[in-house]
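The chain contents come next:
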Amino acid sequence: MLLLTCPNCGLTVEETELAPGGEAHLTRFGPASGDAEFEAYLFLRDNAKGVHFERWCHAYGCGKWFLAARDTATLQVFGTYSAQTKEPPAEILESIAKGRAT
Ligand SMILES: [Zn+2]
């Protein structure tokens, strides 16, 4: 079972209360960009086995989006953080490097 703590309301909930939003930290390209950049933005994803940064919505709770770092193979969660950040917080990168959850 995947348990994530919503950083917006502070509740720790099962994934059945959440809606997945795909890969986090994507660079968005608009209509003025080239075809290759726009195609990559729309369709190309890492699909990593291991540490992955993801978007989640607390759909059956506060309804707000947040980001999570977890291992896709073991479901180990390294932390959750605000969706308004452009890169993972230093403490989450530190716990990933140490290989343990926060
Ligand atoms: Zn919430």
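Let me sum up the structure you'll find in this document. Everything quoted here is computed from the prediction, not taken from an experiment.

Notes on the overall build of the protein chain
On a plain count of helices and strands, the protein chain comes out with two helices and six strands. In sequence order, the protein chain lays out its α and β elements as β-β-β-α-β-β-β-α. Taken along the three principal axes of its C-alpha coordinates, the protein chain extends 40 × 30 × 25 Å. Counting all 102 residues of the protein chain, 28% fall into the buried class. Counting contacts in the protein chain only where the partners sit at least 6 residues apart, residues at least 24 apart contribute 47% of the total. Across the protein chain, the centroid of the 9 positively charged side chains sits 4 Å from that of the 13 negatively charged ones.

Comments concerning the pattern of salt bridges
All told, the structure shown has two salt bridges when counted by the stated rule. E54 is paired through a salt bridge with R70; the nearest N and O atoms lie 2.7 Å apart. Of the two residues, E54 sits in strand β4 (residues 51–57) while R70 sits in strand β5 (residues 65–71), which places them 16 residues apart along the sequence. The same class applies to E54 and to R70, which are both buried.

Quick look at helix α2 (residues 90–98)
Turning to α2, its buried residues are I92, S95 and I96. In a view along the axis of α2, the buried residues occupy a sector of 105 degrees, so they form one face of it. Among the exposed residues of α2, those pointing more than 90 degrees away from its buried face are A90, E91 and A97. Where α2 is buried, its residues meet β4, β5 and β6 (77–82). Note on α2: the residue one or two positions beyond its end, G99, has a positive phi of about 75 degrees.

Focus: the coordination of the zinc ion
Within the protein, C6 (SG), C9 (SG), H58 (ND1) and C62 (SG) serve as the donor atoms for the zinc ion, at 2.1 to 2.4 Å. Each of the four donor atoms bound to the zinc ion contributes to angles spanning 98 to 122 degrees, and the resulting shape is tetrahedral. In primary-sequence terms, the residues that donate to the zinc ion follow C-x2-C-x48-H-x3-C. Of the two residues, C9 sits in the loop between β1 (3–5) and β2 (12–14) while H58 sits in the loop between β4 and β5, which places them 49 residues apart along the sequence.

Rules used in this analysis
- Residues numbered from 1 in each chain as written.
- Predicted model: local features only at pLDDT ≥ 70, side-chain atom pairs only at ≥ 80, totals over all residues.
- Heavy atoms only, no water.
- Helix = DSSP H or I, 4+ residues; strand = E, 2+ residues; numbered from the N terminus.
- Buried < 20%, exposed > 50% of the residue type's maximum accessible area, 1.4 Å probe, protein only.
- Contact = heavy atoms within 4.5 Å.
- Lys, Arg positive; Asp, Glu negative; His and termini not counted.
- Charge placed at Lys NZ, Arg CZ, Asp CG, Glu CD.
- Salt bridge = Lys/Arg side-chain N within 4 Å of Asp/Glu carboxyl O.
- Arc of directions from axis to C-beta.
- Donors = N, O, S within 2.8 Å, 3.2 Å for Na, K, Ca; no water.
- Tetrahedral: all angles 85-135°; square planar, octahedral: opposite > 155°, others 65-115°.

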